[in-house]
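A structural walkthrough
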Amino acid sequence: MKKVKIKICGVREIATIDCCIDNNVEYFGLVFFEKSVRNINLELALKLINYVNFKDITPVGVFVNKPINDLRNIIKRTRLNHVQLHGNENDDYISILKKEFNIKVVKSVGIKKKADLKKIEELSNADYLLFDYKPEINDLPGGNAKKFDWSLLQHIKINKPWFISGGINISNIEEIDKNLIPYGIDISSGVEEKPGIKSLNKITKLLEKLNVK
């Protein structure tokens, strides 16, 4: 498989970070969302962020409709330089953050049908896009182990790098290589023993399949 960036999302343990580093994973996600089984508190997040100082992996704070003042405070405390917005945040919200902080912003776009891609036109301030399964009423905004119709992304032309996410695991990841050209692949539930508990073996096996070691 051609080299793509990999992000393992919902990390809560140093052992998981070490496994990611061993497998040349570029990003790991820290989920600041209370309703998620992968939610992380500020104290643990700071521990993990400090652990990767001078290591070749980048922490990404993941937020869902966080009041902007709360997000400001977290960025100041953690000194995160990458944040992922996984709710209904708009371009104005992104603009406010980027004017105040030297950060890169990943903005999720839920995909169910082709028309959902038009949302891209409203997100000019995002540095990266992340295409994910569009949650139904009772779904959480991410980490649902559900995939969308990836063929909707075939031949799309976007003027910024993008990630693909949603239900990706070792049994289907090769479909991405055959049909799409993403900047990165974002994986969470597909490398877990059970919801919220990462499997070092699954991470290693999946990365071996991607041939990025």
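Higher on the page you've got the structure.
Report on the accompanying structure. (Residues numbered from 1 in each chain as written. Predicted model: local features only at pLDDT ≥ 70, side-chain atom pairs only at ≥ 80, totals over all residues. Heavy atoms only, no water.)

Geometry of an aromatic ring pair is reported as the spacing of the ring centres plus the angle between the planes. In the structure shown here, the tally under the stated rule is six aromatic pairs. With centroids separated by 5.9 Å and ring planes inclined at 75°, the aromatic side chains of Tyr27 and Phe163 adopt a geometry described as edge-to-face. Remark: Phe163 occurs in strand β7 (residues 162-165) and Tyr27 occurs in strand β2 (residues 27-32); sequence separation between them is 136 residues. The exposure classification of Tyr27 matches that of Phe163, with both residues buried. When the ring centre of Trp150 is taken as origin, the NZ or CZ atom of Lys147, which lies over that ring, is 4.1 Å away. (Phe/Tyr/Trp six-rings, centres within 6.5 Å; stacked < 30°, edge-to-face > 60°. Helix = DSSP H or I, 4+ residues; strand = E, 2+ residues; numbered from the N terminus. Buried < 20%, exposed > 50% of the residue type's maximum accessible area, 1.4 Å probe, protein only. Lys NZ or Arg CZ within 6 Å of the ring centre and 35° of its normal.)

Considered for burial, the residues of helix α4 (residues 91-100) that qualify are Asp91, Tyr93, Ile94, Ser95 and Leu97. Close packing links the buried residues of α4 with α3 (68-78), β4 (82-85) and β5 (104-111). Of the residues flanking the start of α4, the one acting as N-cap is Asn90, its side-chain oxygen 3.2 Å from the backbone nitrogen of Asp92. (Contact = heavy atoms within 4.5 Å. Polar contact = N/O pair within 3.5 Å; in protein donor to acceptor, adjacent residues only side chain to side chain.)

Attention shifts here to the packing of helix α1 (residues 14-22) against helix α6 (residues 200-210). Here α1 crosses α6 at 15°, and the two axes come no closer than 10 Å. Judged by the angle between their axes, α1 and α6 are roughly parallel. As α1 packs across α6, the resulting crossing turns out to be right-handed. Within the contact between the two elements, α1 uses Ala15, Thr16 and Cys19 and α6 uses Leu200, Ile203 and Thr204. Taken together, the residues that form the contact of α1 with α6 break down as four nonpolar, two polar and no charged. (Axes fitted to C-alpha atoms, helices over the stretch in contact; angles between N-to-C directions. Parallel < 35°, antiparallel > 145°, perpendicular 65-115°, else oblique. Left-handed = near helix turned anticlockwise from the far one by under 90°. Nonpolar A, V, L, I, M, F, W, Y, C, P; charged D, E, K, R; others polar.)

Let us now look at the pairing of β7. Along β7, one buried face is formed by Trp162 and Ile164 and the opposite face, lined by Phe163 and Ser165, is buried too. Sheet analysis places strand β6 (residues 128-133) next to β7, joined by three bridges and oriented parallel. Counterpart to Phe131 in the pairing with β7 is Ile164. Sheet topology note: the β7/strand β8 (residues 184-187) ladder contains three bridges and is parallel. Paired with Ser165 across the strands is Asp186, a residue of β8. (Pairing = 2+ DSSP bridges.)

Right, let's talk about the pairing of β6 for a bit. Buried residues dominate β6, accounting for six of its six residues. Pairing of β5 with β6, which is carried by six bridges, proceeds in the parallel orientation. Bridge assignment links Val106 to a residue of β6, and that residue is Tyr128.

Further remarks concern the sheet that holds β2. The strand order around the closed barrel formed by eight strands is β1-β2-β3-β4-β5-β6-β7-β8, and the pairing between neighbours is parallel. Looking at each pair of strands side by side, their axes are set apart by 25° on average, direction ignored. Across four bridges, the pairing between β4 and β5 is parallel. Looking at β5, one finds that Val83 is bridged to Val105.

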